[in-house]
Amino acid sequence: MTRVRRRRWLGRGLWVGAGAVVAMAGCTGNIGDGGPGDEGPLGTETQPVCAGAIPGESQRLDVHELHNALVAVLGFDVDMSAAEFPTPISGAGFSTYPEANKVVAADVRDIADAADQVALQAMDHYDALLPCDAAQIDAACADAFIADFVPRALRGTYDAGDLDRFQALYAELQTGSDPLDPPLAIAGVISAVIQSPGFLYLAEIGTPTEEPTVRRLTDTEIANRLAFLFTDAPPDAELSAAVASGSLATPEGRRLQAERLLALPQARVVVTQFVRE
């Protein structure tokens, strides 16, 4: 793919889903859009893709956590130097404190541009990311990629409808007056997923209990919280296996995983940073 073609796509600013980052309770449109059916930044009649919209308690990942989450889901060391994700607000206490990592409307363009930058980097790693040759991407290959990538990226905050929406986005990016070729359309999907609240935020929605004001965290939410608390990164394979086996549903299982994570080398870095702050 030529650099000129990449820059032309980058300049369009993929804002799909970015509006939901600000309106965490739902998704009613894109920041900067007019009414439904208006031409959006993609050059097409774009509908919001609000995968993983989070109605409960949530906390945006800080830049370090974002980097680790990107590495975990993309499989390469993402260069964050050109990606201007919003930095923690100074004077708000700890860098991971929710009040230090708010997203306001002014941040949406930066998030979209940063997601575009990361997606363009991912194009150089399609051999590992895609289930087919990058020169032979078809609808079946794109669907298989989305079915694998979206659940991993959104860390349990997705449903089957999200897969349909990202598949529809892939198709939409190849239509209109300036259609993208398949590799760039895949990159567009990656950018949209990165902008989704389910990726940018740690969600604690929980499930109802007998107490109307009390909700119980799911095993997936507990795993995400433990992993980011001790390692600033998504759950590793062993923690994910604990979710699948149901062992995180017991106090003993949670204690076992917490002690294991705390013994990891990266936990020392996280704890040291916490003490310093």
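A few points about the overall build of the chain
Logical step 1: Looking only at helices and strands, the chain has 13 helices and four strands in total.
Logical step 2: Across the 277 residues of the chain, 45% fall into the buried class.
Logical step 3: Across the chain, the fraction of contacts at a sequence separation of at least 24, relative to all contacts at a separation of at least 6, is 68%.
Logical step 4: Roughly 13200 Å² of accessible area belongs to the chain as shown, and the carbon and sulfur atoms make up 54% of that amount.

So, the state of the cysteines
Logical step 1: As enumerated under the stated definition, the model contains one disulfide in all.
Logical step 2: A sulfur-sulfur separation of 2.0 Å characterises the disulfide bridge that pairs C132 with C141. Taking the sign of the S-S torsion, -80° for the link of C132 and C141, the bridge is left-handed.

Comments concerning the confidence of the model for the chain
Logical step 1: Per-residue confidence for the chain averages 78 on the pLDDT scale, and 71% of its residues sit at or above 70.
Logical step 2: The secondary structure element of the chain with the lowest average pLDDT is helix α1 (residues 3–12), at 42, and the one with the highest is helix α5 (residues 126–129), at 97.
Logical step 3: Here residues 1–50 scores under 50 on pLDDT; set against residues more than four positions off or in separate chains, the count is 119 contacts.

Points about the environment of Y201
Logical step 1: Inspection of the secondary structure assignment puts Y201 in strand β2 (residues 201–204).
Logical step 2: C-alpha of Y201 to C-alpha of L154: the two residues are 47 residues apart in sequence and 9.1 Å apart in space.

Quick word on the pattern of salt bridges
Logical step 1: Following the criterion strictly, the structure yields seven salt bridges and no others.
Logical step 2: When the shortest N-O distance is used, the salt bridge between R165 and D159 registers 3.8 Å.
Logical step 3: Through salt bridges with shared partners, a single network forms among D159, D162 and R165.

Re the nonpolar core
Logical step 1: L70, L74, F85, I186, I190 and F199 are the most contacted members of the largest nonpolar core, which has 51 residues in total.
Logical step 2: Mapped by element, the contributors of at least two residues to this core are α3 (63–74), α4 (108–122), α5, α6 (139–154), α7 (160–172), α8 (182–195), α9 (197–200) and β2.
Logical step 3: The element best represented in this core is α8, accounting for nine residues.
Logical step 4: Discounting chain neighbours no more than four positions away, the residues touching I190 are L74, A119, A122, Y126, F145 and F149.
Logical step 5: In terms of nonpolar packing, the next biggest core, distinct from the first, is built from ten residues, I222, A223, A242 and L248 among them.

Considerations on unusual backbone geometry
Logical step 1: Phi at R155 is positive, roughly 50°, even though this residue is not glycine.
Logical step 2: Among the secondary structure elements, R155 is positioned in the loop between α6 and α7.
Logical step 3: In this structure, D232 takes a positive phi of about 55° despite not being glycine.
Logical step 4: Among the structural elements, D232 can be located in the loop between α10 (219–231) and α11 (237–245).

Considering a nonpolar patch on the surface
Logical step 1: Together, L262, V271, F274 and V275 make up an exposed nonpolar region whose accessible area comes to about 390 Å².
Logical step 2: A per-element tally of the nonpolar patch places helix α13 (residues 265–276) first, with three residues.
Logical step 3: With respect to the secondary-structure elements, V275 resides in helix α13.

With respect to the packing of α10 against α13
Logical step 1: With their axes 7 Å apart at the nearest point, α10 and α13 run at an angle of 75° to one another. One way to sum up the angle between α10 and α13 is to call them roughly perpendicular. Two secondary-structure elements touch here, α10 through L229, F230 and T231 and α13 through Q266, A267 and V270.
Logical step 2: Grouping the constituent residues of the contact of α10 with α13 by class yields four nonpolar, two polar and no charged.

What to know about the packing of α11 against helix α12 (residues 251–262)
Logical step 1: It is at 11 Å that the axes of α11 and α12 come closest, and there the two elements cross at 175°. By the criterion of interaxial angle, the relationship of α11 to α12 is roughly antiparallel. Every residue of α12 that contacts α11 at E238, L239 and A242 is listed here: Q257, R260 and L261.
Logical step 2: A class-by-class count of the residues in the contact of α11 with α12 yields three nonpolar, one polar and two charged.

How each quantity is defined
- Residues numbered from 1 in each chain as written.
- Predicted model: local features only at pLDDT ≥ 70, side-chain atom pairs only at ≥ 80, totals over all residues.
- Heavy atoms only, no water.
- Helix = DSSP H or I, 4+ residues; strand = E, 2+ residues; numbered from the N terminus.
- Buried < 20%, exposed > 50% of the residue type's maximum accessible area, 1.4 Å probe, protein only.
- Contact = heavy atoms within 4.5 Å.
- Areas by Shrake-Rupley, 256 points an atom, 1.4 Å probe, with all protein chains shown as cover.
- Disulfide = S-S within 2.5 Å.
- pLDDT = per-residue confidence, 0-100.
- Salt bridge = Lys/Arg side-chain N within 4 Å of Asp/Glu carboxyl O.
- Core = buried A, V, L, I, M, F, W, Y, C linked by side-chain atoms within 4.5 Å.
- Patch = residues over 30% accessible without salt bridge, like charges linked within 9 Å, V, L, I, M, F, W, Y side chains within 5 Å.
- Axes fitted to C-alpha atoms, helices over the stretch in contact; angles between N-to-C directions.
- Parallel < 35°, antiparallel > 145°, perpendicular 65-115°, else oblique.
- Nonpolar A, V, L, I, M, F, W, Y, C, P; charged D, E, K, R; others polar.

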